[in-house]
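# Commentary on secondary and tertiary structure
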Amino acid sequence: MLLFVFFLAITTLGQGYSLRRYGYVKECVEPGLKCESCSKLIFCVGEGTDKDLKRIELKSCNNTEGQYCSVGNGGCTDNHRACDIFGLENINCQDVGFFPDPFDCTSYHICSQDGESITGTRRLCKTGLAYDPLSTICRLKKSDRVCTESPVPKCLTPLQMGALVENPTLYYICVYTDKKELYPRLYRCPYGLMFDAINAQCVETLPNTTPQPKQEFKCSKPGSFPDPYDCHSYYICESDLKPQHKTCRVGFYFDSKISLCALGFCENQIQ
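Anyway, here's the lowdown on the structure attached to this text. (Residues numbered from 1 in each chain as written. Predicted model: local features only at pLDDT ≥ 70, side-chain atom pairs only at ≥ 80, totals over all residues. Heavy atoms only, no water.)

## Examining the overall build of the protein chain
When you go through the protein chain residue by residue, the secondary structure sums to 2 helices and 20 strands. Across the 271 residues in the protein chain, those meeting the buried criterion constitute 38%. A separation of at least 24 residues holds for 36% of the contacts in the protein chain among residues at least 6 apart in sequence. When the accessible surface of the protein chain is totalled, it reaches about 16,200 Å², and 53% of it is carbon and sulfur. (Helix = DSSP H or I, 4+ residues; strand = E, 2+ residues; numbered from the N terminus. Buried < 20%, exposed > 50% of the residue type's maximum accessible area, 1.4 Å probe, protein only. Contact = heavy atoms within 4.5 Å. Areas by Shrake-Rupley, 256 points an atom, 1.4 Å probe, with all protein chains shown as cover.)

## Looking at the sheet that holds strand S17 (residues 230-237)
Taken in spatial order, the 3 strands make up an open sheet running S16-S17-S18, and their pairing is antiparallel. Whereas interior strands pair on both sides, the edge strands pair on one side only; in this sheet they are strand S16 (223-227) and strand S18 (243-247). Between one strand axis and the next, the sheet turns through 30 degrees on average, direction left out of account. (Pairing = 2+ DSSP bridges. Axes fitted to C-alpha atoms, helices over the stretch in contact; angles between N-to-C directions.)

## Topic: the packing of aromatic side chains
For the structure shown, the criterion picks out 8 aromatic pairs. Taken together, a centroid distance of 6.4 Å and an interplanar angle of 25 degrees make the contact between phenylalanine 98 and tyrosine 108 stacked. Highlighted residues: phenylalanine 98 in strand S6 (residues 97-100) and tyrosine 108 in strand S7 (residues 107-114), separated in sequence by 10 residues. Residue classification places phenylalanine 98 among the buried residues on the basis of a relative accessible area of 8%. (Phe/Tyr/Trp six-rings, centres within 6.5 Å; stacked < 30°, edge-to-face > 60°.)

## What about the state of the cysteines?
In this structure the tally under the stated criterion is 8 disulfides. Paired by a disulfide, cysteine 93 and cysteine 111 hold their sulfur atoms 2.0 Å apart. Judged by the torsion about the S-S bond (-70 degrees), the cysteine 93/cysteine 111 disulfide is left-handed. Residue cysteine 93 is located in the loop between strand S5 (75-77) and S6, and its partner cysteine 111 is located in strand S7; the two are separated by 18 residues in the primary sequence. (Disulfide = S-S within 2.5 Å.)

Written out as structure tokens, the structure reads:
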């Protein structure tokens with residue numbers, strides 16, 4: 001058993017993951033909210049010029065009553081996956097793009113093509129911010145719906161499906177995992193389409209809804225200009241002043257300072 005745990009820890013670290021990144025610590029090594037265990041939320045804070053951090057216990061979660069420590073919720077949650085430490089690294093990527101973490105509003109996943117498969121990388125928002133599935137940047141507050149409720153609706157039945165509230169171009173389908181637990185797999189409709197859960201298809205207009213059209217971009221001069229609605233996209237304006245919409249590769253964003261796609265993340269996101 002000890003050998004298995006050791007192997008799992010080495011494998012996890014070898015993949016470049018750190019449990020500390022997901023808010024789970026055994027001691028204070030950096031300031032902020034931390035889960036010391038599945039049942040204990042602590043706060044690590046510095047005192048004066050002393051480099052040592054003080055540990056302050058904030059809340060205890062009763063696991064036997066179905067409550068688990070969650071940094072994203074700033075307390076306890078009834079979602080046991082928030083405490084599934086070795087299961088937090090990746091979602092099961094189905095499509096390429098940016099996706100919210102189904103259980104933690106303060107993190108998101110970047111799914112990119114890796115040969116014939118799609119692999120995911122988990123990222124955390126800066127302290128105090130939550131991930132916005134629409135703008136794909138960390139700009140929401142913990143008082144917003146994605147945190148007070150859930151980024152993705154809770155799976156109650158197999159094949160339950162629906163569009164995400166904040167971004168209807170993203171949708172989920174609930175399936176059973178190898179552990180016989182319901183888990184929401186995330187998908188993306190083709191660009192510009194929205195998911196219609198009633199008819200289980202991607203459509204241009206949702207039933208009984210009138211989507212607000214985006215303001216049309218117009219070229220005022222030749223050059224490259226950021227998409228005001230998506231920091232990962234941009235417009236190219238040539239001499240005829242007809243805009244051409246382009247999107248940066250996954251993991252890149254459009255840097256208006258250099259008018260090029262740059263490796264990294266939009267403002268308010270961290271690597």
